[in-house]
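Residue-level structure breakdown
Now for the letters of each chain:
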Amino acid sequence: MKTTEITVQELNAQEFIKTKVEEISSMVGDGIAINALSGGVDSAAVTMLGHKALGKRLKTYFVENGLMRKDEPQKIVELFKKQGVEVILFDAKEEFFSALKGIIDPEQKREAITQTFYKNIFGKLVKESGAKYLLQGTILTDVDETVAGIKRQHNVFEQLGIDPQEAFGYKIIEPLVQIRKDSVRKVAEAVGLPVSIYNRMPFPGPALSARVIGEATPEKVELVRQATTIIEKILADVKAFQYMAILHNDRVTGMRDGKRDFGQQIEIRCWDSVDARTATPTKLPYDTLMELSNCILAEVPGVVSVTYNIAAKPPSTMEAI
Ligand code: XMP
């Protein structure tokens, strides 16, 4: 069934919240639902809608998949505590890294992440909690790109003809599926989340594994995590839609301490965009680019090359896999 878009011009955030809270309440009835909070604006907005609708009958988990940014699990648990929402940390690092082992193809990597989340982890959490529903933050752009065959977003099923009940044993509720990122931010603000969340830049479901080209090993993910920390610190005041570090698979010759060093390459991407459908690279000042490069070369072990992406979406996409 085609999803009807609610554009940002059409959106009345308070009315949207009221409608979605009612929908969630009537679907779940007096049962239990779970949701996974990643700290991104989409899952944060869904967490708040779900808690308004279900209170303690919504169990919110932060899945520590080993692919998140530095200190992210603790930061998010703390922040939601202040919102009155208890978030349960669930350690699944081993499951994700063993699912990603040996995979180099981008779409296979996405599929491995999807199966690990939905079959293994959520399957287990649903059983343990007695829930019949998973609430998730799929937005319209995720559906569009998946259906168009551009990229398999980790959270799209029914639009691909996959029945989650049959495939995983639970139903999925998607309160944000009619809106795009700009509207999600309005909903997140209206539902009482702090600016650090509603203006937070997007972060993909496959997390840092989407930013390692080739096999996402724990070592490579750690390397891209370090570069991400540097980029997010230096670009914190830049008004961009999203910025990221990408670790390339190919190595290049460099030199360190007077010796040849066949080293790693980090690509920086920084995007201007409204709704992620199209995007252009931000015109960062050259001094900022040099600061980024100098810090990454000095602080991230083994990196000998830093580049800045200047290709727009399309034909590029924002994430590298
Ligand atoms: P792309 O790379 O498709 O990214 O141009 C567009 C926006 O979507 C985010 N993204 C994802 N979000 N699950 C998500 O929830 C995914 O699998 C996924 N892949 C990309 C990306 O970070 C950007 O904001």
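1. Looking at the nonpolar core
Counting residues in hydrophobic clusters, the biggest one holds 89 residues, and the most contacted among them are Phe80, Tyr118, Phe122 and Leu176. When residues of this core are assigned to domains, at least three fall in each of domain 1 (13-196) and domain 2 (212-308). The contacts of Leu176, once residues within four sequence positions are left out, are Phe16, Asp42, Ala45, Val46, Leu49, Gly137, Thr138, Ile139, Leu140 and Val184. Residues Phe241, Met244, Ile246 and Ala276 belong to the second largest nonpolar core, which totals 7 residues.

2. A few points about the site of the ligand
Glu145, Lys151, Lys313, Met318 and Glu319 are the nearest of the 17 residues found near the ligand. Between the ligand and the protein, one listed contact pairs a nitrogen atom with a side-chain N or O atom of Gln153 at 3.2 Å. Lys313 places a polar side-chain atom, nitrogen or oxygen, 2.7 Å from an oxygen atom of the ligand. For the ligand, whose unbound accessible area comes to 500 Å², protein coverage reaches 94%.

3. Quick word on the packing of aromatic side chains
The full count for this structure, using the stated rule, is 7 aromatic pairs. The ring of Phe203 has Arg69 lying over it, and the distance from NZ or CZ to the ring centre is 3.9 Å. We note Arg185 situated over the ring of Phe241; from NZ or CZ to the ring centre the distance is 5.9 Å.

4. Quick look at the domain arrangement of the protein chain
As far as domains go, the protein chain holds domain 1 (13-196) and domain 2 (212-308). Relative placement of domain 1 and domain 2: their C-alpha centres are 28 Å apart. Taken together, the contact pairs 18 residues of domain 1 with 17 residues of domain 2. Taken together, both faces of the contact between domain 1 and domain 2 bury some 1300 Å²; the carbon and sulfur share is 55%. The partner of Glu232 in a salt bridge is Arg69, and the shortest N-O contact between them spans 2.8 Å. Those elements that provide at least two residues to the side of domain 1 that touches domain 2 are α4 (93-100), α6 (140-147) and α8 (181-190). In terms of residues, the side of domain 1 that touches domain 2 owes the most to one element, α8, which gives 3 residues. Tallied by class, the residues present in the side of domain 1 that touches domain 2 amount to 6 nonpolar, 3 polar and 9 charged.

5. So, the side chain of Arg200
Considering the arrangement of structural elements, one finds Arg200 in the loop between α9 (195-198) and α10 (218-234). A residue is classified by how much of its surface remains accessible, and Arg200, at 16% relative accessible area, is buried. Setting aside chain neighbours within four positions, we find Arg200 in contact with Gly39, Gly40, Val41, Arg69, Glu72, Ile76, Arg185 and Val195.

6. Description of the sheet that holds strand β4 (residues 133-135)
Two strands in a sheet stick together by hydrogen bonds in their backbones, pointing the same way (parallel) or opposite ways (antiparallel). Taken in spatial order, the 5 strands line up as β3-β2-β1-β4-β5 in an open sheet, and their pairing is parallel. Here the strands that pair on one side only, and so sit at the sheet edges, are β3 (87-91) and β5 (171-173). Neighbouring strand axes in the sheet, compared pairwise and without regard to direction, differ in orientation by 35° on average. Pairing between strand β1 (residues 33-36) and strand β2 (residues 58-64): 4 bridges, direction parallel. Within β2, the position partnered with Asn35 by the bridge is Thr60.

7. Here's the deal with the packing of α4 against helix α5 (residues 106-129)
One way to put it is that α4 packs onto α5 with a least axis distance of 9 Å and a crossing angle of 145°. The chirality of how α4 crosses α5 is right-handed. From α4, Glu95, Phe96, Ala99 and Leu100 reach across to α5, where they touch Lys109, Ala112, Ile113, Thr116, Phe117, Ile121 and Lys124. Among the residues forming the contact of α4 with α5, the class breakdown is 7 nonpolar, 1 polar and 3 charged.

8. Description of the pairing of strand β8 (residues 259-272)
Among the 14 residues that make up β8, 10 are buried, leaving the element largely enclosed by the rest of the structure. Sheet topology places strand β6 (residues 242-247) next to β8; 6 bridges connect them, and they run antiparallel. Bridging from a neighbouring strand, Tyr243 pairs with Cys270 of β8. Bridge count for strand β7 (residues 252-256) against β8 is 5 bridges, and the pairing is antiparallel. Considered in β8, the bridge of Gly254 is made with Asp261. In textbook terms, the turn of a hairpin is the stretch between consecutive antiparallel strands, and for β7 and β8 this stretch comprises 2 residues, one of which, Asp257, has a positive phi near 50°. Two strands pair when backbone bridges link them, and β8 and strand β10 (residues 303-308) are joined in this way by 5 bridges, in the parallel orientation. By the bridge assignment, Glu267 is partnered in β10 with Thr307.

Each value, and the rule that gives it
Residues numbered from 1 in each chain as written. Predicted model: local features only at pLDDT ≥ 70, side-chain atom pairs only at ≥ 80, totals over all residues. Heavy atoms only, no water. Core = buried A, V, L, I, M, F, W, Y, C linked by side-chain atoms within 4.5 Å. Buried < 20%, exposed > 50% of the residue type's maximum accessible area, 1.4 Å probe, protein only. Domains from an automatic or database assignment. Contact = heavy atoms within 4.5 Å. Near = heavy atom within 4 Å. Polar contact = N/O pair within 3.5 Å; in protein donor to acceptor, adjacent residues only side chain to side chain. Areas by Shrake-Rupley, 256 points an atom, 1.4 Å probe, with all protein chains shown as cover. Phe/Tyr/Trp six-rings, centres within 6.5 Å; stacked < 30°, edge-to-face > 60°. Lys NZ or Arg CZ within 6 Å of the ring centre and 35° of its normal. Buried area = accessible area lost by both parts, 1.4 Å probe. Salt bridge = Lys/Arg side-chain N within 4 Å of Asp/Glu carboxyl O. Helix = DSSP H or I, 4+ residues; strand = E, 2+ residues; numbered from the N terminus. Nonpolar A, V, L, I, M, F, W, Y, C, P; charged D, E, K, R; others polar. Pairing = 2+ DSSP bridges. Axes fitted to C-alpha atoms, helices over the stretch in contact; angles between N-to-C directions. Left-handed = near helix turned anticlockwise from the far one by under 90°.

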